[in-house]
Amino acid sequence: MEQNNFDIKEIKVHRTMESTIFEMVFVLVAIVVWGLIIWFIYRAPDIVPTHFDASGKPNAYGSPSGVAIPCIILTIGAIACMVCAYFPRHINLPFKIKNIRQVEIAIRFLRVTGITILLLPLAVAYSMLGMSSPSAIPILAVVGLLFVEIIVFSILCYRAE
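The shown structure was predicted, so the numbers you read here are calculated from the model rather than taken from an experiment.

About the thresholds
- Residues numbered from 1 in each chain as written.
- Predicted model: local features only at pLDDT ≥ 70, side-chain atom pairs only at ≥ 80, totals over all residues.
- Heavy atoms only, no water.
- Helix = DSSP H or I, 4+ residues; strand = E, 2+ residues; numbered from the N terminus.
- Rg over C-alpha atoms; globule rule 2.2 N^0.38 Å.
- Buried < 20%, exposed > 50% of the residue type's maximum accessible area, 1.4 Å probe, protein only.
- Contact = heavy atoms within 4.5 Å.
- Areas by Shrake-Rupley, 256 points an atom, 1.4 Å probe, with all protein chains shown as cover.
- Lys, Arg positive; Asp, Glu negative; His and termini not counted.
- Charge placed at Lys NZ, Arg CZ, Asp CG, Glu CD.
- 1 Å grid on protein atoms, 1.4 Å probe; cavity = no way out; pocket = protein on both sides within 12 Å on 5 of 7 lines; lining within 4 Å.
- Points joined across faces, edges and corners; volume = space filled by probe spheres on them.
- Nonpolar A, V, L, I, M, F, W, Y, C, P; charged D, E, K, R; others polar.
- Core = buried A, V, L, I, M, F, W, Y, C linked by side-chain atoms within 4.5 Å.
- Axes fitted to C-alpha atoms, helices over the stretch in contact; angles between N-to-C directions.
- Parallel < 35°, antiparallel > 145°, perpendicular 65-115°, else oblique.
- Phe/Tyr/Trp six-rings, centres within 6.5 Å; stacked < 30°, edge-to-face > 60°.
- Lys NZ or Arg CZ within 6 Å of the ring centre and 35° of its normal.
- Expected span 1.5 Å × (residues − 1).
- Polar contact = N/O pair within 3.5 Å; in protein donor to acceptor, adjacent residues only side chain to side chain.

S.K.: Which parts of the structure should I look at to understand the overall build of the protein chain?
M.R.: What the protein chain contains, in helices and strands, is four helices and two strands. Mapped in sequence order, the helices and strands of the protein chain form the string α-β-β-α-α-α. Taking 161 residues into account, the globule formula puts the C-alpha radius of gyration at 15 Å, and the protein chain, at 19 Å, lies well above it. Buried residues in the protein chain amount to 39% of all 161 residues. Here the analysis covers contacts within the protein chain between residues at least 6 apart in sequence; of these, 70% occur between residues at least 24 apart. Looking at the protein chain as shown, the accessible area adds up to about 10000 Å², and 68% of this sits on carbon and sulfur atoms. Positive and negative side-chain charges in the protein chain, numbering 12 and 10 respectively, have mean positions lying 1 Å apart.

S.K.: How should I be thinking about the layout of surface pockets in this particular structure?
M.R.: Taken as a whole, the largest pocket encloses approximately 220 Å³ of empty space. Lining the largest pocket are Ile-11, Lys-12, Val-13, His-14, Thr-16, Glu-18, Ile-100, Val-103, Glu-104, Ile-107, Arg-108 and Arg-111. Take the lining of the largest pocket: its biggest share by element is six residues, from helix α3 (residues 100–130). Of the residues assigned to the lining of the largest pocket, the class counts are five nonpolar, two polar and five charged. Estimated volume of the second largest pocket: approximately 160 Å³. Along its surface, the second largest pocket is lined by ten residues, and Phe-52, Met-128, Ser-135, Ala-136 and Ile-139 are the ones closest to its centre. When residues of the lining of the second largest pocket are traced back to their parent elements, those giving at least two are β1 (48–52) and α3.

S.K.: Whenever I open this one, the nonpolar core confuses me. Can you help?
M.R.: The tendency in soluble globular proteins is for nonpolar side chains to be buried as a group. Ranked by size, the top nonpolar core spans 39 residues in total, and within it Val-67, Leu-93 and Leu-129 carry the most contacts. Those elements giving two or more residues to this core turn out to be α1 (17–43), α2 (68–84), α3 and α4 (137–159). If you tally residues by element for this core, the top one is α3, at 13 residues. In this structure, Leu-93 is in contact with Ala-106 and Cys-157, ignoring residues within four places of it in sequence.

S.K.: Is there a simple way to explain the packing of α1 against α2 in this structure?
M.R.: If you want to describe how two helices pack, look at the angle between their axes and the distance between the axes. It is at 12 Å that the axes of α1 and α2 come closest, and there the two elements cross at 180 degrees. With respect to α2, the axis of α1 lies roughly antiparallel. Across the interface between the two elements, Phe-22, Glu-23, Phe-26, Trp-34, Ile-37 and Ile-41 from α1 touch Ala-68, Cys-71, Ile-72, Thr-75, Ala-78, Ile-79 and Met-82 from α2. Class assignment of the residues belonging to the contact of α1 with α2 gives a composition of eleven nonpolar, one polar and one charged.

S.K.: Help me understand the packing of aromatic side chains, please; the structure alone is not making it clear to me.
M.R.: Aromatic ring pairs are described here by two measures, namely the spacing of the ring centres and the angle between the planes. Inspection of every chain in the model, using the stated rule, returns three aromatic pairs. On the numbers, 5.6 Å between centres and 45 degrees between planes, the contact of Trp-39 with Phe-40 is tilted. Here Phe-40 and Tyr-126 contribute two aromatic rings whose centre-to-centre distance is 5.8 Å and whose plane-to-plane angle is 45 degrees, an arrangement assigned as tilted. Note that Phe-40 is positioned in helix α1 and Tyr-126 in helix α3, a separation of 86 residues in sequence. In this structure an aromatic cluster arises from ring pairing among Trp-39, Phe-40 and Tyr-126. Positioned over the ring face of Tyr-86 is Arg-111, at 5.2 Å from the centre of the ring.

S.K.: Whenever I open this one, α3 confuses me. Can you help?
M.R.: Owing to its 3.6 residues per turn, the α-helix brings residues three or four apart onto one side. Between the first and last C-alpha of α3 there are 44 Å, a value that for 31 residues agrees with the 45 Å anticipated at 1.5 Å per step. Within α3, 23 of the 31 residues are buried, which leaves the element mostly enclosed by the surrounding structure. Regarding α3, its N-cap is Asn-99, as a side-chain oxygen of that residue lies 3.1 Å from the backbone nitrogen of Arg-101 further along.

This is the structure we're talking about:
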């Protein structure tokens with residue numbers, strides 16, 4: 001019986017062409033997303049809906065600049081995904097990572113997810129400030145995409161066992 005001496009704590013991630021491309025795309029998307037968010041805030045009326053009930057009707061109102069707070073928090077989460085790709089021992093999957101191929105897939109998953117999470121602040125700002133009638137559809141579309149990514153990359157990583 002073969003013994004597996006793989007220890008994820010010993011894995012060191014170095015910069016590669018792939019990581020550089022992902023990071024350049026991330027920065028480009030961040031600049032575009034935040035340019036649009038600032039533009040939405042600038043052209044929004046003085047009072048905008050800031051919270052919606054379960055049926056999708058606004059039940060709280062506030063300043064358009066208040067929309068920037070959840071957008072900043074989501075952007076920090078996206079940055080955390082990109083940084084965590086360099087520390088694979090902190091990647092949490094529903095199964096134990098047992099080989100280097102699984103680590104590679106998990107790192108790629110984090111980078112793709114980081115870019116997708118960066119789209120969430122844009123969806124939030126567009127839903128609250130950019131649409132003529134506020135809707136949760138853009139937010140649900142990005143969240144749905146995140147769920148698809150989680151399922152696909154989890155299956156790919158599990159099969160690489």
